Amino acid sequence: MAKIIGGITTSHVPAIGGAIAKNLQQDPYWKPFFDGFIPVRRWLAEVKPDVVVVVYNDHGLNFFLDKMPTFSVGAAPEYRNSDEGWGIPQVPAFNGDTALSWHMIESLVAEDFDLTTCQEMLVDHAFTLPMALLWPDQKWPVKVVPVCINTVQAPLPSAARCLKLGQAIGRAVASWPGQDKVVVLGTGGLSHQLDGERAGFINKAFDQKFMDSMVDDPAWATQFDTHQLVEQAGTQGVELLMWLTTRGALGEKVRALHRNYHIPISNTASGLMLLQPV
Ligand code: DHB
Ligand code: FE
């Protein structure tokens, strides 16, 4: 049976793509951020996953405001990114695991998640940059299954619903007869707000509490509705829903193998966790 061997959660700021293009990893501004990934890359080199389920939010590249699925799952043989207007280089295409995608879609729909299935799908910085942080040579040694959650246009799914989606993803992978080692990668957050009067808002105390809850008490964040999450984490901080989904997929108990937190990267409090199911 396929097995989820770990979960990685990280922020996904477009400026990271510019820093990679300019080789700024050792620059004092960027070093505390990039260095956070060294232990995660070491772990990946040891465990050698076959597939990464990437839980992320699209920012207008694949879905625009005219058609906005709450939850969508990719079932394409290949995923490319495209110019989003940030001026960052495009990365090589990713190979999809269509068999696992369809199995997950069947399993999630059977559990009453009403998904949009995408046999063509562009993936944006929220997908490509975390992958480039994990595999800097961009010779992706894994197949991918994208899971996209709407966090750009109201109404958003609740934290409780995202945690349940994650748990259902965990069951879907566990029931796949393949022998694959699967990593779930959730990207977004932590606290940030790009627009309005509170642009630049960051909430370190909330982020730290949320990261603690990711280990011992994943239901903690479900006490907040969408407005309360925005209040606590900022309008784009709601991207922490991707972390919660990832955590749900890892089962009851996890061990934190690594954790990093650094303010700021662009307008964002950047967080990173590596969690292992126990
Ligand atoms: C920034 C953060 C994001 O999550 C994003 O999608 C775009 C920009 C930022 O901090 O600049
Ligand atoms: Fe974002």
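Attention in this report is confined to the structure presented alongside it. Note that this is a predicted model, so its numbers are computed, not measured.

**What about the site of ligand 1?**
Next up, step 1: The immediate surroundings of ligand 1 are formed by 13 residues, with H59, H125, H192, S266 and T268 found nearest.
Next up, step 2: At 2.6 Å from an oxygen atom of ligand 1 is found a side-chain nitrogen or oxygen belonging to T268.
Next up, step 3: Look at ligand 1: alone it shows 300 Å² of surface, and the protein chains cover 96% of it.
Next up, step 4: Assessed atom by atom at 2 Å from the grid points, ligand 1 resides in the largest pocket.
Next up, step 5: Taken together, the residues that form the shell around ligand 1 break down as 5 nonpolar, 7 polar and 1 charged.

**Quick notes on the packing of helix α7 (residues 204–216) against helix α9 (residues 240–249)**
Next up, step 1: The geometry of α7 relative to α9 is characterised by a closest axis approach of 10 Å and an angle of 15 degrees between their N-to-C directions. In this view, α7 runs roughly parallel relative to α9, as classed from their interaxial angle. Pair α7 / α9 crosses with right-handed handedness. Seen from α7, the contacting residues are F206, F210, M211, M214 and V215; seen from α9, they are L240, W243, L244 and R247.

**A look at empty space enclosed by the protein**
Next up, step 1: Inspection of every chain in the model, using the stated rule, returns 3 cavities of 30 Å³ or more.
Next up, step 2: Lining the largest cavity we find N81, S82, D83, E84, G85, W86, G87, I88, P89, Q90 and T128.
Next up, step 3: Within the lining of the largest cavity, the residues separate by chemical class into 3 nonpolar, 6 polar and 2 charged.

**Points about the environment of P218**
Next up, step 1: Structurally, P218 can be placed in the loop between α7 and α8 (226–233).
Next up, step 2: With residues near it in sequence (within four places) discarded, P218 still touches L163, S213, L244 and R247.

Criteria and thresholds
- Residues numbered from 1 in each chain as written.
- Chains lettered and ligands numbered in written order.
- Predicted model: local features only at pLDDT ≥ 70, side-chain atom pairs only at ≥ 80, totals over all residues.
- Heavy atoms only, no water.
- Near = heavy atom within 4 Å.
- Polar contact = N/O pair within 3.5 Å; in protein donor to acceptor, adjacent residues only side chain to side chain.
- Areas by Shrake-Rupley, 256 points an atom, 1.4 Å probe, with all protein chains shown as cover.
- 1 Å grid on protein atoms, 1.4 Å probe; cavity = no way out; pocket = protein on both sides within 12 Å on 5 of 7 lines; lining within 4 Å.
- Sits in = over half its atoms within 2 Å of the grid points.
- Nonpolar A, V, L, I, M, F, W, Y, C, P; charged D, E, K, R; others polar.
- Axes fitted to C-alpha atoms, helices over the stretch in contact; angles between N-to-C directions.
- Helix = DSSP H or I, 4+ residues; strand = E, 2+ residues; numbered from the N terminus.
- Parallel < 35°, antiparallel > 145°, perpendicular 65-115°, else oblique.
- Left-handed = near helix turned anticlockwise from the far one by under 90°.
- Contact = heavy atoms within 4.5 Å.
- Points joined across faces, edges and corners; volume = space filled by probe spheres on them.

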